[in-house]
Amino acid sequence: MVLEKLGDSLQGALKKLIGAGRIDERTVNEVIKDIQRALLQADVNVKLVMDMSKKIKERAMKEDPSPGINPREHVVRIVYQELMEIIGKGADIQLKPQTIMMVGLQGSGKTTSTAKLARYFQRKGLKAGVIAADTFRPGAYHQLKTLCENLNVAFYGEEGNPDAVTITKNGLKAIEKYDIKIVDTAGRHALEAELIEEMERINAVAKPNQKFMVLDAGIGQLASQQAHAFNDSIGITGVIITKLDGTAKGGGALSAVSETKSPIAFIGVGETAEDLEKFESDRFISRLLGMGDLKSLMEKAEETLSEEDMDVEGMMRGRFTLKDMYKQLQAMNKIGPLKQIMSMLPMGLGGMKLSDEMFQATSDKMRNYKIIMDSMTEDEMKDPKIIGGSRIKRISRGSGCSPEDVRELLKYHKTMQMALKGFKGGKFNIQKMMKKKMRM
Ligand SMILES: Nc1nc2c(ncn2[C@@H]2O[C@H](COP(=O)(O)OP(=O)(O)OP(=O)(O)O)[C@@H](O)[C@H]2O)c(=O)[nH]1
Ligand SMILES: [Mg+2]
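These numbers were taken from a predicted model, which means no experiment stands behind them.

Peer 1: Summarise helix 11 (residues 281-288); cite the residues concerned and give the values.
Peer 2: For helix 11, the buried fraction is high: seven of the eight residues fall into the buried class. Gly290 sits one or two residues past helix 11 and shows a positive phi near 75 degrees.

Peer 1: Please give an account of the confidence of the model for the protein chain that cites residues and values.
Peer 2: When the pLDDT values of the protein chain are averaged, the result is 83; 80% of them are 70 or greater. Here helix 20 (residues 430-438) is the element of the protein chain with the lowest mean pLDDT, 44, and strand 4 (residues 180-185) is the one with the highest, 98. Within the model, pLDDT remains below 50 along residues 347-352, and this stretch shows eleven contacts once partners closer than five positions in the same chain are excluded. Confidence over residues 424-440 falls short of pLDDT 50; this stretch has 28 contacts with residues more than four positions distant or in other chains.

Peer 1: Summarise unusual backbone geometry; cite the residues concerned and give the values.
Peer 2: Negative phi values dominate among residues other than glycine, just as trans dominates among peptide bonds. Phi angles above zero are rare outside glycine, and Asn152 is one such case at about 65 degrees. Following the sequence through the fold, Asn152 ends up in the loop between helix 6 (140-151) and strand 3 (154-156). By relative accessible area, Asn152 is classed as exposed at 69%. Positioned with a positive phi, Lys243 is a non-glycine residue whose angle comes to about 60 degrees. Since its relative accessible area comes to 35%, Lys243 is described here as partly exposed.

Peer 1: Which residues make up the site of ligand 1, and what are the values?
Peer 2: As a structural note, the neighbourhood of ligand 1 is formed by 20 residues, with Lys110, Thr111, Thr112, Arg137 and Asp245 the closest of them. At 3.2 Å, a backbone N or O of Ser108 approaches an oxygen atom of ligand 1. Separating an oxygen atom of ligand 1 from a side-chain N or O atom of Thr111 is a distance of 2.8 Å. For ligand 1, whose unbound accessible area comes to 660 Å², protein coverage reaches 82%. Counting residues per element, the shell around ligand 1 draws most heavily on helix 5 (residues 110-123), which supplies four residues.

Peer 1: If you had to explain the sheet that holds strand 7 (residues 264-268) to someone new, which residues and values would you point to?
Peer 2: The sheet built from eight strands is open, its strands ordered 3-2-4-1-5-6-7-8 with mixed pairing. The sheet is open, and its two edges are formed by strand 3 and strand 8 (276-278), each paired on a single side. On average, adjacent strands in this sheet sit at an angle of 25 degrees to one another, irrespective of strand direction. As defined by bridge partners, strand 2 (residues 128-133) adjoins strand 4 across six bridges and the pair is classed as parallel. Pairing of Ala128 across the sheet is with Ile180, part of strand 4. Strands strand 1 (98-103) and strand 5 (210-216) of the sheet are contacted by helix 9 (residues 223-234), whose axis makes an angle of about 155 degrees with strand 5.

Peer 1: Run through the pairing of strand 1, naming residues and quoting values.
Peer 2: Of all six residues in strand 1, six are buried, a share of seventy percent or more. A two-sided burial pattern is seen for strand 1, the buried positions comprising Gln98, Ile100 and Met102 on one face and Thr99, Met101 and Val103 on the other. Strand direction decides the pairing type here: strand 1 and strand 4, joined by four bridges, are parallel. Pairing of Gln98 across the sheet is with Ile180, part of strand 4. Inspection of the sheet shows strand 1 paired to strand 5 by four bridges, in the parallel sense. Within strand 5, the residue paired with Ile100 across the bridge is Gln210.

Definitions and cut-offs
Residues numbered from 1 in each chain as written. Chains lettered and ligands numbered in written order. Predicted model: local features only at pLDDT ≥ 70, side-chain atom pairs only at ≥ 80, totals over all residues. Heavy atoms only, no water. Buried < 20%, exposed > 50% of the residue type's maximum accessible area, 1.4 Å probe, protein only. Helix = DSSP H or I, 4+ residues; strand = E, 2+ residues; numbered from the N terminus. pLDDT = per-residue confidence, 0-100. Contact = heavy atoms within 4.5 Å. Near = heavy atom within 4 Å. Polar contact = N/O pair within 3.5 Å; in protein donor to acceptor, adjacent residues only side chain to side chain. Areas by Shrake-Rupley, 256 points an atom, 1.4 Å probe, with all protein chains shown as cover. Pairing = 2+ DSSP bridges. Axes fitted to C-alpha atoms, helices over the stretch in contact; angles between N-to-C directions.

Next up, the structure:
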C-alpha cells in the first residue's frame, strides 16, 4: 500500500481507543501524540500537523459522538474529516474526448505517466494517442514510442525535429480522430525561464482541456512551490504525484499540493503502465485509516472481470462452494495481487497483517489449490462434503499433490465459508459498513 508506514502508524494510534468506554483527555492526548508523530514522519508540514491535531483534540473532546458510534469510531471519523480538509478533493476527471498536456521537471515521471494515462483511458473504452513533444532529452522519442507500442496506444513523434511546438501542431492533426490526446513535454533541472516559455508556447497551440503537472513524491513539501510556479504561468488543472510507492515521505507532497489551488488528479504507484490510480481523497484516506475501500475494489473487479467470471458480491453471500472459491481465486489473479486486494478490505479483514513472504506463500498456495480443484468432479466442486478418503486419494493422484494438500484445501474452503458467513451475519456486515462510511 502507498504510505504503508503512515497507514500503520495512524491505525496503530487509533487502536488505542479500541475498548475505551468513553473519551477521556488522557487517552485522547496519547492518541494525538501518536498521530502527530505519524504525520511528521510522513513529512507533513509541522505547522499543519500542529493545527490539525489541535482541531482533532478539540473536536474529539467537545463533539458528542452520534448514537451507536463508539469512541474509536468517533475519533476515526474526526481524523478522517480533518485529513480530507488537508488533502482536498481530487480533480474532476471526465471520460470524454479531451487533450491533455503534461508538464513538470526533469525525471518527475511525465513520460511514464503519459503512457499510464493513455492506458487508463483506454481501459475505460476511449481511444488514446500520444504526442512526443520532448525534443530536449535525447532518447525521449524512443522511450515514449516503445511504451506506446507495448500498450497498443497511437504514437506521434518526429525524430530529429527540434521544434516541439510544430510537432505538437502536427501531432494533434495526425491523431485528430482519437478521443484522448496526450502531449508529453520536456523537463529541465530546475524551473528555468526557457522551460516555462516553451510550456506557454505549447499550451497556446495545444489548447489542452487538462494541464497536468507531474511531481515526484520524493520532493516532499517543495511540491507546493513547483505547483505554484507552473500554475502561475500556464494554469494547472491537476497534479499527478508519482513514485508514491517509493517513499515513506509522500505525505509532504500530498499535503503541500493541496495548499495550492490545484487538485491532485492521479497518483503513480509503480513503474508499470497499470500503476496509476485516480486520486480520490475519500478513498485514499479511508484506506490509510484502515476503513477499507470496498468501492474501489468493486469497481476494479467490475472493470476487469467479464460476466461469466463472477459477481464480487457473490463472494460475500452465504453459499460458498468450491466452485465459487475456484472462481474467486481466478478472479483474484485478474483483479490484482492479493496484497493489493487485502489493502482495500476493511480493517478486521484486510487489516490482518501479512508479511511479503507470507503473501508469496499464499499466492503459491492458491496456485496449488487451483491445480487440485482441476482434478475434482463437478459434483465434488458443488458439494465438497462428499469428498471422503478414497476421493481424496484419487484427487491427489490426479493433481500430483499429496493427500495432505487436498485436506488442507478442504479446510481452507471451510474456513473461508465460515468467514463469509460471519461477514454476512453482521460482524463484518458490508452494507452496514458502507452506510457508516456514508455518514462521514
Ligand atoms: N517507482 C516508480 N517509478 C516511477 C513512477 N513514475 C515514474 N517512475 C520512474 O521514474 C523515472 C523517470 O520517469 P520519466 O517518465 O522518464 O520522467 P520524465 O518526467 O519524463 O523525465 P524527463 O523526460 O527527463 O523530463 C523512470 O525510471 C520511471 O520508471 C512511479 O509512480 N513509481
Ligand atoms: Mg520524459
